[in-house]
Amino acid sequence: MATPSVPTSTLPTPSENGARHRLRAVGPDEVPHVAEFLPPGATWLPAPQHTLPTLPGRPPMVGYLVLVPADQHPPFPVAPAPAETGAPLVRIDTVQRTAEVNGRELDLTYLEFELLAHLVQHPHRVHTRDQLVTTVWGYGHVGDGRTVDVHIARLRRKLGAEFRGAIQTVRRVGYKYTPPTGD
């Protein structure tokens, strides 16, 4: 029996070498079972269709929710927390939606606060621009990585000269937050 020909779709973003990424439909026998990638005891469920982004003229996306028992470690490595030497110099209060740097409250827009809070909650972890757009702006955002660059520049300016280096650029990748030390 002949395998049906499936068209490939070209993504609009070129890769580093200028070539375009290609996607193709695959048969069920070509895909490893999802359970092979899960930690022991974890389960997965199809994500509700209304939570996934839709693109006009494109087939619907498929996503999954991974449920990990609370007593287990997350399936991805977490950077170790730095030894506490006192109060952190950059503090985020997500309940009152306030941010402070060295005791001085910052005047942040909604997206600036969300971006800073996300970076501070994941110290030393490198985030790509696409990850930040998806996490902070949401799936429905239409824009590019420059949006992230502009917001990072504004955040650095508001953090001040002494603490602007806490948000570091990782060239050709994205950004990471490194907690400033009180030295």
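Now for a description of the structure that goes with this document. This one's a predicted model, so the numbers in the text were calculated from it and none came from an experiment. (Residues numbered from 1 in each chain as written. Predicted model: local features only at pLDDT ≥ 70, side-chain atom pairs only at ≥ 80, totals over all residues. Heavy atoms only, no water.)

### Description of the sheet that holds strand S5 (residues 90-93)
Sheet strands line up and pair through hydrogen bonds in the backbone, either parallel or antiparallel.
Now for step 1: Spatial ordering of the open sheet is given by S5-S6-S7, a layout of 3 strands whose pairing is antiparallel. A single partner strand is all that each edge strand has here, and the edge strands are S5 and strand S7 (104-105).
Now for step 2: Pairing of S5 with strand S6 (residues 98-101) involves 4 bridges; the strand directions are antiparallel. Directly across from arginine 91, in S6, lies its bridge partner glutamate 100.
Now for step 3: Across the sheet, helix H1 (residues 110-121) is in contact with S5 and S6; its angle to S5 comes to roughly 115°. (Pairing = 2+ DSSP bridges. Helix = DSSP H or I, 4+ residues; strand = E, 2+ residues; numbered from the N terminus. Contact = heavy atoms within 4.5 Å. Axes fitted to C-alpha atoms, helices over the stretch in contact; angles between N-to-C directions.)

### Side note on the sheet that holds strand S10 (residues 174-177)
Now for step 1: With antiparallel pairing, the 3 strands of this open sheet are ordered in space as S8-S10-S9. Each of the sheet's edge strands pairs with one partner strand only, and the pair in question is strand S8 (127-128) and strand S9 (167-170).
Now for step 2: In terms of strand pairing, S8 meets S10 through 2 bridges, oriented antiparallel. Opposite threonine 128, over in S10, you have glycine 174 as the bridge partner.

### Some thoughts on H1
Now for step 1: Along its 12 residues, H1 runs 16 Å from first to last C-alpha, staying within 8% of the 16 Å computed at 1.5 Å per residue.
Now for step 2: Along H1, the residues classified as buried are Glu112, Phe113, Leu115, Leu116, Ala117, His118, Leu119 and Val120. (Expected span 1.5 Å × (residues − 1). Buried < 20%, exposed > 50% of the residue type's maximum accessible area, 1.4 Å probe, protein only.)

### Observations regarding the nonpolar core
Now for step 1: Counting residues in each nonpolar core, the largest one holds 25 residues, and the members touching the most others are Leu115, Leu116 and Ile167.
Now for step 2: Counting residues per element, this core draws most heavily on H1, at 6 residues.
Now for step 3: Those residues in contact with leucine 115, other than ones at most four positions away along the chain, are Leu132, Val136, Trp137, His151, Ile152 and Leu155. (Core = buried A, V, L, I, M, F, W, Y, C linked by side-chain atoms within 4.5 Å.)

### Describing unusual backbone geometry
Now for step 1: At arginine 97, a residue that is not glycine, the phi angle is positive and equals roughly 55°.
Now for step 2: Mapped onto the elements of the fold, arginine 97 is located in the loop between S5 and S6.
Now for step 3: The residue arginine 172 is not glycine, and still its phi comes out positive at about 65°.
Now for step 4: Residue position: arginine 172 is located in the loop between S9 and S10.
Now for step 5: For arginine 172, a relative accessible area of 64% corresponds to the exposed category.

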